[in-house]
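# Architecture and fold: a report
Chain by chain, the residues run as shown.
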Amino acid sequence: MFRFLTTTFACLALSSTAQTTFTIEDIYQGRFRQETVDAIRWMKDGSFYTALEDNKIIKYDIKSGSAIVTLVDGDGISPKLEIDDYRFSSDESKLLIMTDRMSIYRRSFTAEYYIYDLESKAIQPLSENGEQSYATFAPDGSKVAFVRNNNLFYTDLDANNEVAITASGKFNELIHGSSDWVYEEEFSITKTFFWAPDSKKIGYISFDESAVKEYNLQLWSEGDLYPVDYRFKYPKAGEMNSEVTVNIFNIENGEKIGIDIGDEKDIYIPRMQWTKDANVLSIIRMNRLQNQLEILHADAASGKSEVIYTDKSETYLDIDQVDDLTYLNDGKHFITSSEQSGFKHLYTYNWTSKELKQITNGDWGVTDFLGIEENKNLSKSRLYYLSTEASPLDRTFYQISLSGKNKTALSPINGTSDVDLSSDFKYFILNYENATTPLQVSLNQLKSGKTSKLKDLEGNEEHFKAAETGKLVEKEFYKFKTADGQESDGYFLKPANFDPSKKYPVLIFQYSGPGSQEVANDWQGSDSRFLWHQMLTQLGYIVSVADTRSTGYRGVDFQKVSYKQLGKYETEDHIAHAKYLGKLPFIEATRIGIWGWSYGGYASSLAMFKGDGVFKTAIAVAPVTTWRFYDTIYTERYLQRPQDNPSGYDDNSPITHASKLEGNFLLVHGTGDDNVHFQNTVALQNELILHGKQFESFYYPNRTHGIGDYNARVHLYNLMTDFILKSL
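Residues numbered from 1 in each chain as written. Predicted model: local features only at pLDDT ≥ 70, side-chain atom pairs only at ≥ 80, totals over all residues. Heavy atoms only, no water.

Below, the discussion takes up the overall build of the protein chain. Counting secondary structure elements, the protein chain contains twelve helices and 43 strands. At 27 Å, the protein chain has a C-alpha radius of gyration in line with the 27 Å of a compact globule built from 728 residues. For the protein chain, the computed accessible surface area is about 30,100 Å², with 46% contributed by carbon and sulfur atoms. (Helix = DSSP H or I, 4+ residues; strand = E, 2+ residues; numbered from the N terminus. Rg over C-alpha atoms; globule rule 2.2 N^0.38 Å. Areas by Shrake-Rupley, 256 points an atom, 1.4 Å probe, with all protein chains shown as cover.)

Right, let's get into the sheet that holds strand E42 (residues 664-670). Pairing in this open sheet of eight strands is mixed, and the strands run E36-E37-E39-E38-E40-E41-E42-E43 from one edge to the other. Edge positions in the sheet fall to strand E36 (476-481) and strand E43 (696-700), since each of these pairs with one other strand and no more. On average, adjacent strands in this sheet sit at an angle of 20 degrees to one another, irrespective of strand direction. In the packing of helix H12 (residues 712-727) onto the sheet, contacts are made with strand E38 (504-509), strand E40 (587-597), strand E41 (617-621), E42 and E43, and the angle to E41 comes to roughly 165 degrees. (Pairing = 2+ DSSP bridges. Axes fitted to C-alpha atoms, helices over the stretch in contact; angles between N-to-C directions. Contact = heavy atoms within 4.5 Å.)

Relative to the assigned elements, Lys59 resides in strand E3 (residues 56-61). Accessibility expressed as a relative area gives 19% for Lys59, which makes it buried. When the C-alpha positions of Lys59 and Val69 are compared, they lie 5.4 Å apart, and in sequence the two are ten residues distant. Setting aside its immediate chain neighbours within four residues, Lys59 contacts Met43, Phe48, Tyr49, Thr50, Ser66, Ala67, Ile68, Val69 and Leu71. (Buried < 20%, exposed > 50% of the residue type's maximum accessible area, 1.4 Å probe, protein only.)

Moving on to the pattern of salt bridges. The tally for this structure, following the rule as stated, stands at 34 salt bridges. A salt bridge links Asp198 to Lys201; the shortest N-O distance between them is 2.8 Å. A relative accessible area of 26% means that Asp198 is categorised as partly exposed. As a salt-bridge pair, Arg549 and Asp484 come within 3.3 Å of each other at their nearest N and O atoms. With a gap of 65 residues between them, Arg549 in the loop between strand E39 (542-546) and helix H6 (556-559) and Asp484 in the loop between E36 and strand E37 (487-493) connect regions that are remote in the sequence. Within this structure, Asp484, Arg549, Lys568, Glu572 and Asp573 form a network of salt bridges that share partners. (Salt bridge = Lys/Arg side-chain N within 4 Å of Asp/Glu carboxyl O.)

Attention shifts here to the sheet that holds strand E1 (residues 41-42). Across the sheet, four strands lie side by side as E1-E2-E3-E4; this open sheet has antiparallel pairing. Strand pairing shows two members of the sheet lacking a second neighbour, E1 and strand E4 (67-73), which therefore form its edges.

What follows deals with empty space enclosed by the protein. All chains considered together, the criterion is met by two cavities of 30 Å³ or more. Broken down by secondary-structure element, the contributors of at least two residues to the lining of the largest cavity are strand E22 (292-299), strand E23 (305-312) and strand E25 (333-338). Residues belonging to the lining of the largest cavity are distributed by class as follows: six nonpolar, three polar and one charged. Considering only enclosed or pocket space, the second largest cavity measures out at about 30 Å³ in volume. Together, Tyr491, Phe509, Glu518, Gln524, Arg529, Phe530, His533 and Val545 line the second largest cavity. (1 Å grid on protein atoms, 1.4 Å probe; cavity = no way out; pocket = protein on both sides within 12 Å on 5 of 7 lines; lining within 4 Å. Points joined across faces, edges and corners; volume = space filled by probe spheres on them. Nonpolar A, V, L, I, M, F, W, Y, C, P; charged D, E, K, R; others polar.)

Another aspect to go through is the nonpolar core. Counting 60 residues, the largest nonpolar core has Tyr183, Ile283, Ile295, Phe334 and Trp627 as the members making the most contacts within it. Counting residues per element, this core draws most heavily on strand E20 (residues 267-274), which supplies five residues. The residues touching Ile283, leaving out its near neighbours within four places in the chain, are Val246, Ile259, Ile261, Ile269, Arg271, Met272, Glu294, Ile295, Leu296 and Ala298. Among the nonpolar cores identified, the runner-up in size contains 43 residues, and Ile707, Val714, Tyr717 and Phe723 belong to it. (Core = buried A, V, L, I, M, F, W, Y, C linked by side-chain atoms within 4.5 Å.)

Time to look at the confidence of the model for the protein chain. Considering every residue of the protein chain, the mean pLDDT works out to 94; 98% of them sit at 70 or more. Confidence drops under pLDDT 50 across residues 1-17; counting only partners more than four residues distant or on other chains, this segment forms 22 contacts. (pLDDT = per-residue confidence, 0-100.)

All right, on to the packing of helix H5 (residues 528-537) against H12 then. Where H5 meets H12, the closest approach of the two axes is 12 Å, and the angle between their N-to-C directions is 30 degrees. By the criterion of interaxial angle, the relationship of H5 to H12 is roughly parallel. Judged by the sense of rotation from one axis to the other, the crossing of H5 with H12 is right-handed. Along the contact surface, H5 presents Ser528, Arg529, Trp532 and Met535, while H12 presents Arg713, Tyr717, Met720, Thr721 and Ile724. Partitioned by chemical class, the residues of the contact of H5 with H12 number five nonpolar, two polar and two charged. (Parallel < 35°, antiparallel > 145°, perpendicular 65-115°, else oblique. Left-handed = near helix turned anticlockwise from the far one by under 90°.)

What follows is about helix H11 (residues 679-690). For the α-helix, the turn length of 3.6 residues means that residues three or four positions removed from each other point alike. Taking 1.5 Å as the rise per residue, H11 with twelve residues should run 16 Å; its terminal C-alpha atoms sit 17 Å apart, in good agreement. Listed in full, the buried residues belonging to H11 are Asn680, Thr681, Ala683, Leu684, Gln685 and Leu688. Of the surrounding secondary structure, the elements contacted by the buried residues of H11 are helix H8 (599-610), E42 and E43. At the C-terminal side of H11, Gly692 shows a positive phi close to 70 degrees. (Expected span 1.5 Å × (residues − 1).)

So, on to the layout of surface pockets. In this structure, the largest pocket encloses a volume near 2,100 Å³. If you go around the largest pocket, you meet 49 residues; those closest to its centre are Arg87, Thr136, Phe137, Lys191 and Phe194. Considering only residue class, the lining of the largest pocket consists of 26 nonpolar, twelve polar and eleven charged.

Packing of helix H7 (residues 568-582) against H8 leaves a shortest axis separation of 9 Å and a crossing angle of 60 degrees. Crossing hand, H7 versus H8: right-handed. Together, Glu570, Thr571, His574 and Ile575 of H7 and Tyr599, Ala603, Leu606, Ala607 and Lys610 of H8 make up the contact between the two elements. Looking at the contact of H7 with H8 residue by residue, the class counts come to five nonpolar, two polar and two charged.

If you trace the backbone, His345 turns up in strand E26 (residues 345-350). Residue His345 is classed as buried on the basis of its relative accessible area of 0%. At a separation of 2.9 Å, a polar atom in the side chain of His345 contacts the main-chain carbonyl oxygen of Trp364. When near neighbours in sequence (up to four residues on either side) are disregarded, His345 contacts Thr336, Ser337, Ser338, Gln358, Thr360, Asn361, Gly362, Trp364 and Val366. (Polar contact = N/O pair within 3.5 Å; in protein donor to acceptor, adjacent residues only side chain to side chain.)

This part takes up the pairing of strand E7 (residues 109-117). For E7, the tally of buried residues reaches seven of nine residues, placing the bulk of the element in the interior. Hairpin connection of strand E6 (residues 94-103) to E7: five residues between the antiparallel strands. Bridge analysis of E7 against strand E8 (residues 123-125) gives three bridges, and the strand direction is antiparallel. Within E8, the residue paired with Ile115 across the bridge is Gln124. Remark: five residues form the turn of the hairpin made by E7 and E8, two consecutive strands paired antiparallel; Lys121 in that turn has positive phi of roughly 65 degrees.

In this section: the pairing of E36. Taken together, the six bridges between E36 and E37 define a ladder with antiparallel strand orientation. Looking across to E37, one finds that Phe477 is bridged to Tyr491. Counted between consecutive antiparallel strands, the loop separating E36 from E37 contains five residues, among which Gly485 sits at a positive phi close to 95 degrees.

Below is the structure:
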């Protein structure tokens, strides 16, 4: 009844029928689902690849584009398996099949793994002693390592024997071979064990989190008289982190060698890998403030290490740099990336001569380094990467020689490309889209530096038809000035029957976090948030999506202006942007709203409180309300520790400015949010109440940061729709 009344009221206010061609339920029932090609695996013989389709692992011939054999049918084997993922052994005689995947946090999981012999068709469980995580073949395919209950194991496939590498792992105390919560969330890693190239050693990171303080989530279940306490280690800004150590386990003699990673214990080890030398382990070490990165080479026999490369910043180093480190076969060079020129670019480094050479160059950045095709004449080796050279809104696939010459675009200049290269660099899968074209997946050949399409794998024709019948409107890109006069990007979604002589209410969506991007030349036709914005246009609203200073892909100066004062410049830009919109002839300046999720909820709260009435309405979903409540790695990267920079934490906290609230404010959070804790919303609510500010609030019991389980997301978007209709 309430929803019907608010919708009717909005119809009168908007002089609209308030009808849409689709509902929120349609969005989540898959009406606009976009198809792709899942779990592509390139075969050693460059003429073949495999894909996971309809619970089958199917082998394809590249030249003909035809399926030639089904390697495994998950429905036809015993036991029957729902295949979640798979990996080949190095000689492609065996498959490691993952099933029954169960999430723990954002990236961590447990699963059941099976070994499938492609010749004999025999299948056997990897272990019968409980669920496993992150199972990985040894390079020679003879063994598989995995984690269980905070300990590291491997199974010898020939002997069918399980061996425990560690035994001291314990929940909330000590972890071997997998990461703690904060590394998983902020460094995007879960597996922290690595096979040596000779398959005789495993390097692994251990996390002693016994001194890390616990956060308590209360979980409520139907029928339980009392809530269940779930306690896990969560280091908040300024508090103790896990102490990390690195060890190497020798398979042949069972010995463990401790690796020297320095005397300073308050550090991070965000990545680790073996060099081409099976006796040299490469370790990336960062200081706690993350403005210095060092690459260590450790001797596997002695455990001794030396620093062979250092990168520093006056502010912070972007964490995606750690994924670009690639060792070359000559045993003295690697590829890395750095922002020392003001933009992220690729470099080659000779660690014997200490010579660093820049490969890519310009007022644009490399977004993804995809690999290097080595040549005997090293300078003629080809590097493959994605970059923003055409525009910060585009991603283009390029090749360039190691010498920095012969740069060539290998995908359309405009639009968003993503690429999966074969290991021999002869073929690639191109995933391409732009603002008017849904995802196009194609198989392509690379030859003599030129590309040719071999086959279209997915065109999403049905999705495009659904978008047409749903009357989705196109993005209309525009530029606006930030508060200091720089140029940034936004786009409008306008009603299909837009009349420039009329005035419309506008809802701004943003995320605003450091290095992020919401305005891009892509399709987004399957993104639920984008589709909800489309639905709002059918209710008579204009939706504006905008990026402020601190967001990414425009260089160091634009992004890192927010160092030590998160929220300040983003808020200034949102207010300036709203004032710009209010002066446009088709915008009703008294009806401007803003919303966001997570960091976006933080920014929308601040903009609402500090906007001096510019915003009529704001929604904050799962917001950070004080960075004192958030984790060490993310927060201290941008703000340093609270002990070092207290004003940076408090000057731009929504709690500090709660007394300034004017207008309509909706605050939403999941009580089971392990990432941005419900504590954030409770603290802000309390401050608003103390100042006598009226607002609306809703909590989702037990739901995590994504508020996604058990119909919660559909409920949330209906809730927000009602709020917008009655409040904007």
